[in-house]
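Residue strings, one per chain:
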Amino acid sequence: DQQVKQNSPSLSVQEGRISILNCDYTNSMFDYFLWYKKYPAEGPTFLISISSIKDKNEDGRFTVFLNKSAKHLSLHIVPSQPGDSAVYFCAASRSISNDYKLSFGAGTTVTVRA
Amino acid sequence: EAGVAQSPRYKIIEKRQSVAFWCNPISGHATLYWYQQILGQGPKLLIQFQNNGVVDDSQLPKDRFSAERLKGVDSTLKIQPAKLEDSAVYLCASSQYNEQFFGPGTRLTVL
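Reading guide: rules and limits
- Residues numbered from 1 in each chain as written.
- Chains lettered and ligands numbered in written order.
- Predicted model: local features only at pLDDT ≥ 70, side-chain atom pairs only at ≥ 80, totals over all residues.
- Heavy atoms only, no water.
- Contact = heavy atoms within 4.5 Å.
- Buried area = accessible area lost by both parts, 1.4 Å probe.
- Salt bridge = Lys/Arg side-chain N within 4 Å of Asp/Glu carboxyl O.
- Polar contact = N/O pair within 3.5 Å; in protein donor to acceptor, adjacent residues only side chain to side chain.
- Helix = DSSP H or I, 4+ residues; strand = E, 2+ residues; numbered from the N terminus.
- Disulfide = S-S within 2.5 Å.
- Buried < 20%, exposed > 50% of the residue type's maximum accessible area, 1.4 Å probe, protein only.

## Things to note about the interface of chain A and chain B
By a widely used convention, the size of an interface equals the accessible area lost when the partners come together.
Part 1 of the argument: With 17 residues of chain A at the contact, the number on the chain B side is 21 residues.
Part 2 of the argument: Area buried by chain A at its contact with chain B is led by Tyr100, Lys101 and Phe104 of chain A, which between them contribute 32% of it.
Part 3 of the argument: One salt bridge connects Lys101 of chain A with Asp56 of chain B, and the closest N-O pair in it is separated by 2.5 Å.
Part 4 of the argument: Our count for the chain A to chain B interface comes out at three residue pairs in polar contact (both at pLDDT 80 or more).
Part 5 of the argument: The biggest single contributor to the side of chain A that touches chain B is strand β4 (residues 32-38) of chain A, with four residues.

## Remarks on the side chain of Ser19 of chain A
Residues and elements named next belong to chain A.
Part 1 of the argument: Note that Ser19 resides in strand β3 (residues 19-25).
Part 2 of the argument: For Ser19, the side chain forms a polar contact with the side chain of Ser80, separated by 2.7 Å.
Part 3 of the argument: Not counting the four nearest positions on each side in its chain, Ser19 is found in contact with Leu11, Val13, Leu75, His76, Ile77, Ser80 and Val110.

## Let's talk about the state of the cysteines
Part 1 of the argument: Counted under the stated rule, the structure contains two disulfides over all chains.
Part 2 of the argument: Covalently, Cys23 of chain A is tied to Cys90 of chain A through a disulfide, its sulfur atoms 2.0 Å apart. Of note, the bridge from Cys23 of chain A to Cys90 of chain A carries an S-S torsion of about -75 degrees and is left-handed in sense. Of this pair, Cys23 of chain A sits in strand β3 while Cys90 of chain A sits in strand β9 (residues 86-93); the two residues are 67 residues apart in sequence, bridging distant segments of the chain. Note on accessibility: Cys23 of chain A and Cys90 of chain A belong to one class, buried.
Part 3 of the argument: Here Cys23 of chain B is linked by a disulfide to Cys92 of chain B, with a sulfur-sulfur distance of 1.9 Å. Taking the torsion about the sulfur-sulfur bond, which here is approximately -70 degrees, the covalent link between Cys23 of chain B and Cys92 of chain B counts as left-handed. With Cys23 of chain B in strand β3 (residues 19-24) and Cys92 of chain B in strand β9 (residues 88-95), the pair connects residues that are 69 residues apart, well separated along the chain.
Part 4 of the argument: Using a relative accessible area of 0% as the deciding quantity, one classes Cys23 of chain B as buried.

So, in structure tokens, the structure goes:
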């Protein structure tokens, strides 16, 4: 049962433009959301997170938006740079469970064109 | 600060053979996770340890997979016997709180 879904397997964007990655979840108990970035032959690395008490979190070029009523979150990267070319995973957890287990989406491969 | 270490990085075996993966978490991280990532999918949690105790192994195929974390530090994940569908990247992660740090993974190919 896929509780976190990333429906776009790939995204191609021109350097300098905005990349928008989307993620949907089905479990209403999720209250903490994370984005991980993964380069080939490396493990995922933490990028940015958001708690359900917020609807936006910004860190430099990266902004995550959360719409709890729609069970939807998105990651905005602006401006996109060639080094942003990677696979991006959306993940969700329930902080109340205290075990910080993550459920991951299938990932979106971002290609930034020069 | 050293990251999560995993070995080997790559392994090719034939079906029905056995294989073991090793993980050394970040020093001081009490929680250790093993994930299986099949091509085109996100990481799927296999087992979670808190120190040397198992917190969750509900997704671990216990008829063929086993894992241990002796002394609450290093961990090994074993598959015996391997099947074709076990071909995947096996990721180890560790955490203190809610941010998990991942190792580079072991890519397993079962022929």
